[in-house]
Amino acid sequence: MGFEFVVVLLFLTTSAVIVGIALWLGRFLRPRLPSAEKASTYECGERPIGSAWFNFNPRFYLFALVFIVFDAEIALTYPAAAVARRWIAEGRAWLVVAEIVLFLAILVAALAYVWGKGELDWNRDLAGPEEMP
Amino acid sequence: MNIIQHVANLLIRSVFHADPASWPWTWLVQAVVIGIAAFLAFAFVAIFAGPVSWIERRIAGRIQSRIGPNRVGPQGVLQWLADGVKCWLKEDLVPAAADRPLFLAAPYLVFTGMFGAFVVLPFGAQVVAADLNVGILYLLAITSLVVVGLLMAGWGSNSKWALFGGVRSAAQLVSYEVPSAFSLLCVVLLAGTLSTQGIVAAQGGWPWDWFIFRNPFMFAAFFLYFTAAIAEGNRTPFDLPEAESEIVAGYNIEYSGMRFLFFLFAEWANIWIMAAISAFAFLGGWQIPGIAPEQIAATKGWEFVGWQALSWTIFLVKATFLVFVVIQIRWTLPRLRVDQLMITCWKYLVPLSMLMVLGVLVLLALVPEGGGADTILRGAMVGLGLAVVLVSALRVRRTFRVDREHYREMEGRDLWYPPYRLP
Amino acid sequence: MVPAVPPPVRPNPVRAYFGNIRRAVSSTFEGMTVTMSWLFRRPSTIQYPDRTEKPVREMLPETYRGLLEVDLSRCTACLLCAKTCPLGCISIETCKHPDGAREFQTFDIDNGLCMFCGLCAEACNFDALAHTREFEASVSSAEQLTVRFVDRPGRLVAKAKDLPPRRPRGSILAALIPGFGRRRRRAAPPEPPASPAPAPAAGAEGPENPEGTA
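### Considerations on the overall build of chain C
At step 1: For chain C, the count of helices and strands is five helices and five strands.
At step 2: Listed N to C, the secondary structure of chain C is α-α-β-α-β-β-α-β-β-α in terms of helices and strands.
At step 3: A total of 214 residues make up chain C; the buried ones form 18% of that total.
At step 4: Relative to all contacts within chain C whose residues are 6 or more apart in sequence, the contacts with residues 24 or more apart total 79%.

Written out as structure tokens, the structure reads:
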């Protein structure tokens, strides 16, 4: 098995090297005429006001959190799913079904909670009604 | 044994006349063979991604009742080459306000994340670069590298458009990862293995042996996976990260020349990868109808090569068909709003794909494979699939016929103009 | 009296949920069949400029405001056009001979600046300055956008009393910049017998040259 992962590593390295070589070879072909106008940030012809590194919508953060919970759970379910067939053949169907249903139940509970809280609705007032002017 | 070790051993025996087991340079030859394999995969990506971009533009033209690019080379087949050379000759700009290391590194991550998926794609009966025992998990993990690259590009550009594109695409990609992972979980349940070759081996050449037609839940899981895969590939109707009418071009707006090309390249190759994953996980992969994989492995010489070539062709045809479907969807459906996008994922795809996992699990426990109920289920699903194909063909014919009459009255010409007759 | 607003009908959320799924599937299916049928239809556009029956500029109306041209044999250098132009894209210079006659030094029109408003052509009293139907004005460098109409030294300014007839519109521009905006035309592929025969390749009408002789 170790060999297979060496293949993966070498594949990834090769792909990065290919990108690097293509960019490096292009250096000899492409022009290089820098100017302040070209180096400015593109905003459809307007002069950009301030930096783009500002606070963006916190809903992205909420979705990222929900995703982490789900993805960790799914990653833990995969081993159970991989052995499900063998265990059913060996007569331990109830065990694997109970296991996967347990995992799914946790996720359903999480999803129901998030859904009920309204966190899945994009268009909603994050500040809450009492803070509105 | 791995095909790369096979080739390396063959090389060592025939060229260096040494015993691969005891020869001290075996690892070097193997590394070289892996490098060559990676380069072949890259060539495949390049040769595939280029013409597909031309084909998409021609199809888009026909669907929109126009002609499409036909200037460069005969009928424009070299358009992609012209685009590539043009991008290569363009100046490489880095905005003064950008975070330089992040900005420069982003194309590497996006391309590597895309390319890593090729390691485990089962192209033919014995042809896979590395048959990992965690294949599906590896696929899910390595494609997430693209998210990191897109976020780096979006944040590093220090442009408002790029930032919105970057965070949108990150939110979209991670969200749709959940339903696609659940749908692949159904496949893993049925196959009993995470290895990609194992999943193909668990299916068969005939449609009723494919996972998609195993039971109704798998049938639905295929479409759920396909939808999620389109979203993960940033394709229309889920192309919000690069919605040109809202945020100009999204995360790649500050990129120019070759760096920009690598983003596009990764996007085109991603279509192919998700079509290939759908093809091997649900549509039987390279399996040849009527020939078991063991029979192929037992053959020798040119016969073996012939069977291999046939299995390659079958896999490529299935994947290319799905690529065509993705292209057609792009020119059919309008773009979703960002709230609709999130609702589609979390309120519809996620619960439904969970339901499919549960259904597949219960059927797996209750319906013994090969029994009467299993046969009936498979037959019914194949019938359903045929019915879908037939009904859609009839609908296409009816839509065409209605307009044909109008067209003849108005223009005095026949409307019929098949796709193979290029204008 | 204000009519009572009926209370909003709130659909059953469960029915709405499954109705959404059903609609998503059916509308996608319907849309896919429609776009698929368009793959078999004749495109409604014509390849420009190869397959049009005659050059596009000949299909344009006479009043089309294309590139400006001036017939110097009718121009009295009154400078009305240059003064009317809101953008100042026309520049005219003359010098005076000892015998009283005036000679053109420059008569340049900067097409990169011109917005084709037509005020100069309105101002011209002698039909010297006029719009043509030429519109394919792409050139490979910005300098070429300025058209210089004084083709030889010693072009005298016309007298308003005896003006020669106006030369056909477009002929001056075509003679000045051969190949300007003239794309190569290619014959259409054979059409099926049911449809009318396409026009033959019209490559050699008027003073037109093949591409690339500029």
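### Some remarks on the overall build of chain B
At step 1: Each helix and strand in chain B was counted, giving 15 helices and zero strands.
At step 2: Here chain B has a C-alpha radius of gyration of 23 Å; the compact-globule value for 423 residues is 22 Å, and the two agree.
At step 3: For chain B, the spread of C-alpha atoms along the principal axes amounts to about 65 × 55 × 45 Å.
At step 4: Going through the 423 residues of chain B one by one, you find that 49% of them count as buried.
At step 5: Restricting the contact set of chain B to residue pairs at least 6 apart, pairs at least 24 apart contribute 77%.

### What to know about the interface of chain A and chain B
One widely used convention gives an interface's size as the accessible area the parts lose upon coming together.
At step 1: Contact with chain A, which involves 59 residues of that partner, is made by 70 residues of chain B.
At step 2: At the level of elements, α1 (2-26), α2 (59-89) and α3 (93-117) of chain A are the ones that each hand at least two residues to the side of chain A that touches chain B.
At step 3: Element by element, the count of residues in the side of chain A that touches chain B is highest for α2(A), at 16 residues.
At step 4: Here the side of chain A that touches chain B is built from residues that sort into 43 nonpolar, eight polar and eight charged.

### A few points about the domain arrangement of chain B
At step 1: As assigned here, chain B comprises domain 1 (1-88), domain 2 (90-366) and domain 3 (368-423).
At step 2: The C-alpha-based centres of domain 1 of chain B and domain 3 of chain B are spaced at 34 Å.

### Regarding the sheet that holds strand β3 (residues 102-110) of chain C
All names here are of chain C.
At step 1: The sheet built from three strands is open, its strands ordered β2-β3-β5 with antiparallel pairing. Every other strand in the sheet has two partners, leaving β2 (90-96) and β5 (146-148) as the edge strands with one partner each. Along the sheet, successive strands turn relative to each other by an average axial angle of 15°, direction set aside.
At step 2: Across three bridges, the pairing between β3 and β5 is antiparallel. Directly across from Asp 110, in β5, lies its bridge partner Thr 146.

### Details of the interface of chain B and chain C
At step 1: Facing the 23 residues of chain B at the interface are 21 residues of chain C.
At step 2: Counting residues per element, the ones that place at least two in the side of chain B that touches chain C are α2 (26-63) and α15 (372-411) of chain B.
At step 3: When residues in the side of chain B that touches chain C are grouped by element, the largest group, five residues, is from α15(B).
At step 4: Here the side of chain B that touches chain C is built from residues that sort into 13 nonpolar, five polar and five charged.

### Some points on the packing of helix α7 (residues 160-191) of chain B against helix α14 (residues 338-366) of chain B
Residues and elements named next belong to chain B.
At step 1: Contact pair α7 / α14: the axes reach a minimum separation of 9 Å and the direction vectors enclose 10°. Taken together, the axis directions place α7 and α14 in an arrangement best described as roughly parallel.
At step 2: Residues of the contact of α7 with α14, tallied by class, amount to 21 nonpolar, four polar and one charged.

### A few points about the environment of C:Leu67
Residues and elements named next belong to chain C.
At step 1: Note that Leu 67 resides in the loop between α2 (56-59) and β1 (68-70).
At step 2: For Leu 67 and Phe 135, which are 68 residues apart along the polypeptide, the C-alpha to C-alpha distance reads 6.1 Å.
At step 3: Residues in contact with Leu 67, not counting those within four places in the same chain, are Asn 111, Thr 132, Glu 134, Phe 135, Ala 137 and Leu 173.

### Some thoughts on the arrangement of the chains
At step 1: Looking across the two pairs of chains in contact, one finds the most contacts between chains A and B.
At step 2: A minimum C-alpha distance of 13 Å separates chain A and chain C, which share no contact.

### Notes on the pairing of β2(C)
Along any regular strand the residues' side chains alternate between the sheet's two faces.
Residues and elements named next belong to chain C.
At step 1: Of the strand pairs in this sheet, β2 and β3 are connected by seven bridges, and their pairing is antiparallel. By the bridge assignment for β3, Ile 92 is matched with Phe 107.
At step 2: Counted between consecutive antiparallel strands, the loop separating β2 from β3 contains five residues, among which Gly 100 sits at a positive phi close to 100°.

### Some details on unusual backbone geometry
Residue and element names in this part refer to chain C.
At step 1: Positive phi is not limited to glycine here, since Leu 79 has a value of about 65°.
At step 2: On the neighbour-count criterion, Leu 79 (13 C-beta atoms within 10 Å) is partly exposed.
At step 3: In the Ramachandran plot, Asp 127 falls in the positive-phi region, its phi being about 55° despite a non-glycine side chain.
At step 4: As for its position among the elements, Asp 127 is in the loop between α4 (119-123) and β4 (129-131).
At step 5: Look at Asp 127 and you get partly exposed, because 13 C-beta atoms sit within 10 Å.

### Details of helix α9 (residues 216-232) of chain B
Residues and elements named next belong to chain B.
At step 1: An ideal rise of 1.5 Å per residue puts 24 Å on 17 residues; α9 measures up with 24 Å between its terminal C-alpha atoms.
At step 2: The buried count for α9 comes to 13 of 17 residues, which makes it a mostly enclosed element.
At step 3: Immediately beyond the C-terminal end of α9, within one or two residues, lies Asn 234, with a positive phi of roughly 55°.

Conventions and cut-offs
Per chain, residues are indexed from 1 in the order of the written sequence. Chain labels run from A onward and ligand labels from 1 onward, assigned in the order the entries are written. Only residues with pLDDT of 70 or above have their local features reported here, since the model is predicted, and side-chain atom pairs are shown and tallied only from 80 upward, although totals for entire chains, interfaces and linings are computed over all residues. Segments assigned H or I by DSSP are reported as helices when at least four residues long, segments assigned E as strands when at least two residues long, and all are numbered from the N terminus. The exposure scheme places C-beta atoms from the backbone and then counts, for each residue, the other C-beta atoms within 10 Å of its own, assigning buried at 20 or more, exposed at 12 or fewer, and partly exposed in between. Contact definition: two residues whose C-beta atoms, as placed from backbone geometry, lie within 7 Å. Using C-alpha atoms as the atom set, the radius of gyration is obtained and then compared with a globule rule of 2.2 Å times the number of residues to the power 0.38. Residues were grouped as follows: Ala, Val, Leu, Ile, Met, Phe, Trp, Tyr, Cys and Pro as nonpolar; Asp, Glu, Lys and Arg as charged; and all remaining residues, including Gly, as polar. Here the bounds of each domain stem from an automatic or database domain assignment. By this definition, two strands are paired if DSSP reports at least two bridges between them. Note on geometry: axes are C-alpha line fits, over the in-contact stretch for helices, and angles between N-to-C directions span 0 to 180 degrees. By the definition adopted for this analysis, an angle is roughly parallel if under 35 degrees, roughly antiparallel if over 145, roughly perpendicular if from 65 to 115, and oblique otherwise. For a helix, the expected span equals 1.5 Å multiplied by the number of residues minus one.

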